[in-house]
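Structural features, examined
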Amino acid sequence: GSSPVALVHDFCRPFPDSLLCTRYLVIGTMMAVSRAVKPGQAFARSVQRQAVVGSSRAFGTRSADPAAPRKGVVPKEVSTAEEAIAAHLKPGDMVFIQGIAATPNPLVDAMVDLAKKKEMKGIRTIHMHLEGKSPVPDEEAAKYITPLSLFTGGNLRAAVNNNWAEYCPIFLHEIASLFKKQIHTPDIALVQVSPPDEHGYVSLGTSVDCTRAALQHCKASIAMINKNMPRTTGDGLVHISYFDTIWKHDKPMYTVNPVEPSDIEKQIGSYIAELIPDGATLQMGIGNIPNAVLAQLGNHKHLGIHTEMFSDGMLPLVDSGVIDNSRKITHTGRTVTSFLLGSQNLYNYVDNNPGVEVLECEYTNAPSVIAKCPQMHAINSCIEVDLTGQAASDSIGTRIFSGFGGQVDFLRGAAMSDGGKPILALPSRSNRGDPRIVPTLRDGAGVVSTRAHVHYVVTEYGVAFLPGKGLPARAKELIKIAHPDDREALQKKAHERFGAKVL
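Below is a summary of the structure that appears in this document.

Definitions and limits used
Residues numbered from 1 in each chain as written. Predicted model: local features only at pLDDT ≥ 70, side-chain atom pairs only at ≥ 80, totals over all residues. Heavy atoms only, no water. Helix = DSSP H or I, 4+ residues; strand = E, 2+ residues; numbered from the N terminus. Buried < 20%, exposed > 50% of the residue type's maximum accessible area, 1.4 Å probe, protein only. Contact = heavy atoms within 4.5 Å. Areas by Shrake-Rupley, 256 points an atom, 1.4 Å probe, with all protein chains shown as cover. Pairing = 2+ DSSP bridges. Right-handed = clockwise from strand over helix to strand, strands pointing away. Core = buried A, V, L, I, M, F, W, Y, C linked by side-chain atoms within 4.5 Å. Polar contact = N/O pair within 3.5 Å; in protein donor to acceptor, adjacent residues only side chain to side chain. Phe/Tyr/Trp six-rings, centres within 6.5 Å; stacked < 30°, edge-to-face > 60°. Salt bridge = Lys/Arg side-chain N within 4 Å of Asp/Glu carboxyl O. Axes fitted to C-alpha atoms, helices over the stretch in contact; angles between N-to-C directions. Parallel < 35°, antiparallel > 145°, perpendicular 65-115°, else oblique. Nonpolar A, V, L, I, M, F, W, Y, C, P; charged D, E, K, R; others polar.

**Details of the overall build of the protein chain**
Each helix and strand counted, the protein chain has 18 helices and 26 strands in total. Residue burial in the protein chain is summarised as follows: out of 503 residues, 57% are buried. Intrachain contacts of the protein chain at a sequence separation of at least 6 include 71% that bridge at least 24 residues. When the accessible surface of the protein chain is split by element, carbon and sulfur atoms take 52% of a total near 20,400 Å².

**A look at the pairing of strand E12 (residues 281–284)**
Side chains of E12 alternate between two faces, with Thr-281 and Gln-283 and Leu-282 and Met-284 buried alike. Here four bridges tie E12 to strand E18 (residues 376–381), and the two strands are oriented parallel to one another. Its bridge partner lying in E18, Thr-281 is registered against Met-376. Pairing of E12 with strand E13 (residues 304–305) involves two bridges; the strand directions are parallel. The residue bridging Leu-282 from the neighbouring strand is Ile-305, located in E13. Once the chain exits E12 it traverses helix H11 (residues 288–294) before rejoining the sheet at E13, and the crossover so formed is right-handed.

**Here's the deal with the sheet that holds strand E15 (residues 335–337)**
Strands belonging to one sheet form pairs held by backbone hydrogen bonds; the direction of such a pair is parallel or antiparallel. If you walk across this open sheet you meet the three strands as E9-E17-E15, and the pairing is parallel. Each having just a single partner strand, strand E9 (233–234) and E15 make up the two edges of the open sheet. Here E9 runs beside strand E17 (residues 356–358); their pairing, made up of two bridges, is parallel. From the neighbouring strand, Thr-233 faces E17, where its bridge partner is Glu-357.

**Describing the nonpolar core**
The biggest cluster of nonpolar side chains holds 72 residues, and the ones touching the most others in it are Phe-243, Ile-272, Ile-276, Leu-282 and Leu-297. With residues up to four places along the chain from it excluded, the contact list for Leu-297 reads Ala-273, Ile-276, Leu-282, Leu-303, Leu-317 and Val-322. Ranked by size, the runner-up nonpolar core spans 36 residues in total, among them Val-112, Ala-141, Ala-165 and Trp-247.

**Some points on the side chain of His-331**
Here His-331 is to be found in the loop between helix H12 (315–319) and E15. Here His-331 falls in the buried class, since its relative accessible area comes to 4%. In terms of polar contacts, His-331 uses its side chain to reach the side chain of Tyr-363, at 2.8 Å.

**As for the packing of aromatic side chains**
What the rule picks out here adds up to four aromatic pairs. Ring centres 5.9 Å apart and planes at 85° place the aromatic pair Phe-96 and Phe-179 in the edge-to-face group. Here Phe-96 is found in strand E2 (residues 94–97), whereas its partner Phe-179 is found in helix H8 (residues 175–180), with 83 residues between them in sequence. Using a relative accessible area of 0% as the deciding quantity, one classes Phe-179 as buried. Judged by centre distance (5.6 Å) and plane angle (70°), the rings of Phe-171 and Phe-404 are edge-to-face.

**Quick look at the sheet that holds strand E20 (residues 391–392)**
Read across the sheet, three strands follow the order E20-E19-E24 without closing on themselves; strand pairing throughout is mixed. Here the strands that pair on one side only, and so sit at the sheet edges, are E20 and strand E24 (437–438). Note: strand E19 (residues 384–386) against E20, two bridges, orientation antiparallel. When the sheet's bridge partners are listed, Val-385 is paired in E20 with Ala-391.

**So, the environment of Leu-317**
Mapped onto the elements of the fold, Leu-317 is located in helix H12. Since its relative accessible area comes to 5%, Leu-317 is described here as buried. Here the alpha-carbon distance between Leu-317 and Ala-295, two residues 22 residues apart in the chain, equals 8.4 Å. Filtering out sequence-adjacent residues up to four positions away, Leu-317 remains in contact with Leu-294, Leu-297, Gly-298, Val-322 and Ile-323.

**Some details on the pairing of strand E8 (residues 220–225)**
Two faces belong to every sheet, and in a regular strand the side chains alternate between them. By the criterion of burial, E8 is predominantly enclosed, with six of the six residues buried. Residues Ala-220, Ile-222 and Met-224 line one face of E8 and the alternating positions Ser-221, Ala-223 and Ile-225 line the opposite face, and both faces are buried. Alignment of strand E6 (residues 188–193) against E8, held across six bridges, turns out to be parallel. When the bridges of E8 are listed, Val-193 appears paired with Ile-225. Direction of pairing for E8 relative to strand E11 (residues 245–248): parallel, over a ladder of four bridges. The residue bridging Ile-225 from the neighbouring strand is Lys-248, located in E11.

**Considering the pattern of salt bridges**
The full count for this structure, using the stated rule, is 17 salt bridges. Taking the shortest distance from any N to any O, the salt bridge between Arg-334 and Glu-357 comes out at 3.9 Å. Placement of Arg-334 in the loop between H12 and E15 and of Glu-357 in strand E17 is noted, with a sequence separation of 23 residues between them. Grouping residues by exposure puts Arg-334 and Glu-357 together as buried. The partner of Glu-477 in a salt bridge is Lys-480, with the nearest N and O atoms 3.6 Å apart. Here Glu-477 and its partner Lys-480 are both found in helix H17 (residues 471–480), three residues apart, which amounts to about one turn of the helix.

**Quick notes on the packing of H17 against helix H18 (residues 487–498)**
Two elements in contact, H17 and H18, have axes whose closest approach is 10 Å; the angle formed by their N-to-C orientations is 175°. The orientation of H17 relative to H18 falls into the category roughly antiparallel. Residue-level contacts link Leu-471, Pro-472, Ala-475, Ile-479 and Lys-480 of H17 to Arg-487, Leu-490, Gln-491, Ala-494 and Phe-498 of H18. Of the residues belonging to the contact of H17 with H18, the class tally is seven nonpolar, one polar and two charged.

Pasting the structure below:
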């Protein structure tokens, strides 16, 4: 007569961290549990995530979970960013910085200023893409601070390529393991959060991604409380007592307004839209091409979202009911993402909206989780593709441009999904007129997506389908979608390599 929740709870009580326990739970009782705890479904969803991310227990650095209040602990409130940083920063420290739209720029600036003033050598920062000024805005700062970039944005490219900063290639779903396995243990975490609610809980807002894991495994944390940070639901709730120092500072959120796609991007979007059936689940990477795809989906039905990044292009489809998440098996009826980047309209939409869950990227980007999404269509871009299907996405030759991000996570997960399609999209030529389908990748370029990962390649000239094809047949497929003025040279190179099979 016990409820499924009670039975599972009693079974798991002796060993809460056991993956065996969670595996039994997921396989045997997921559907019953999810029904039993509606409408919130929080227990079922946390159980599903535990099967992927494992134990959340920290290595003795902080309490077991950021949502667990620390009894008797009241964070020190300071009046300036400089005071907050000075209370914790020491030479040789590693500093985690929350990224993307949530980058706490005033705290970063204060760290840079203090490191210069006190000549604090050996400071390292670790983070995903940051907005605003970088931790090494000039050569003087580079004497004291060395960023370790897990995804390189425009503000850090020059620093990485002139060796003021370092680039770490890593799959997005594996970033949390850097902290959990103590490969890196931040001495300080700098984050930006919403104001606390009546129970003392703040929200990590637009960027949960790897931030939650960093908070769990850091030695000290500083929170900038900003009333303009949207309060998102999911994994981003943190009790205010979890922080050592807080600083209240209101500033506008970093925004990126949608840009009208070019004619080439619209044509690419049209080809991709034809590949997407009703009921599909979508992941969109960064850039104009994903927005061009979304603009073509107005006549589709029952689309779902399971992505690493949620942006403005999805909002019209939500408003029109095209995106309703009704066919998803996990998180039915809810949009799932790991971070957000867009306009103020986007941030207003997600504020206190239980229909959008912002979760840890260790979960959202796990290929095994992605594979459970029905008809998962993952749409990403790259810098260039060679005639065998290898894709360079993080570098232009030896020059680092971005990072792995979630591209491989989602290409693999979509390939494993029933009815899924992993799609790479790119214009046939760069803005400078350089071919982007090439005989071989540029010298020094890193392969992000291997030949085996790449299934569909789309340009403004069509769709190349590569699975099951040998290298000569792949070359023929890719030459068909190259720029017409590049095809003769590509054909010649392919013939030199593969002989008459490409004729």
